[in-house]
Amino acid sequence: MKVSVDVYTKNVDAALEAFKLALESGATDIRLNSSEDYSTKEFEYLNFMFEADHTSPAISALDNGPFSKNTDDL
């Protein structure tokens, strides 16, 4: 079964590694977006999204990294 993943992190290196793993694991519709504070223009977090089979190693690897389902938990 294909699932959609939508997580957040402040760790740029972890996000890039997760992006690479998703790409190598056959995930589709992979996106990595940054968010910044509107008034100060300072970096806030990265939003990492992709679609993959529910057994994909790209999904299980997120449990071992600094990723959260909500930006409030960063």
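Scroll up to find the structure.
Residues numbered from 1 in each chain as written. Predicted model: local features only at pLDDT ≥ 70, side-chain atom pairs only at ≥ 80, totals over all residues. Heavy atoms only, no water.

Draft legend 1. How the structure looks around the pairing of strand 3 (residues 43–53). Bridge analysis of strand 1 (residues 2–9) against strand 3 gives eight bridges, and the strand direction is antiparallel. For Thr9, the partnering residue across the bridge sits in strand 3 and is Leu46. Sheet topology note: the strand 2 (residues 28–36)/strand 3 ladder contains seven bridges and is antiparallel. Bridging from a neighbouring strand, Asn33 pairs with Asn47 of strand 3. Between strand 2 and strand 3, which follow one another and run antiparallel, lie six residues, and Lys41 among them has a positive phi close to 65 degrees. (Pairing = 2+ DSSP bridges. Helix = DSSP H or I, 4+ residues; strand = E, 2+ residues; numbered from the N terminus.)

Draft legend 2. Structural detail: the environment of Ile59. Along the chain, the position of Ile59 falls in helix 2 (residues 57–60). In sequence terms Ile59 and Lys10 are 49 residues apart; their C-alpha atoms lie 18 Å from each other. Among all residues touching Ile59, those that are not within four sequence positions of it are Val3, Val5, Phe50, Ala52, Asp53 and His54. (Contact = heavy atoms within 4.5 Å.)

Draft legend 3. Fine view of the packing of aromatic side chains. Under the counting rule described, the total for this entry stands at three aromatic pairs. Ring centres 6.4 Å apart and planes at 45 degrees place the aromatic pair Phe19 and Phe48 in the tilted group. One end of the pair, Phe19, is in helix 1 (residues 12–24); the other, Phe48, is in strand 3, and 29 residues separate them in sequence. Between the aromatic rings of Phe48 and Phe50, the centroid separation amounts to 5.0 Å while the plane-to-plane angle is 45 degrees, which identifies the pairing as tilted. Assessed through its relative accessible area of 1%, Phe50 is described here as buried. Clustering of aromatic rings is evident, with ring pairs tying together Phe19, Phe48 and Phe50. Residue placement shows Lys41 over the ring face of Tyr38; its charged tip is 4.8 Å from the ring centre. (Phe/Tyr/Trp six-rings, centres within 6.5 Å; stacked < 30°, edge-to-face > 60°. Buried < 20%, exposed > 50% of the residue type's maximum accessible area, 1.4 Å probe, protein only. Lys NZ or Arg CZ within 6 Å of the ring centre and 35° of its normal.)

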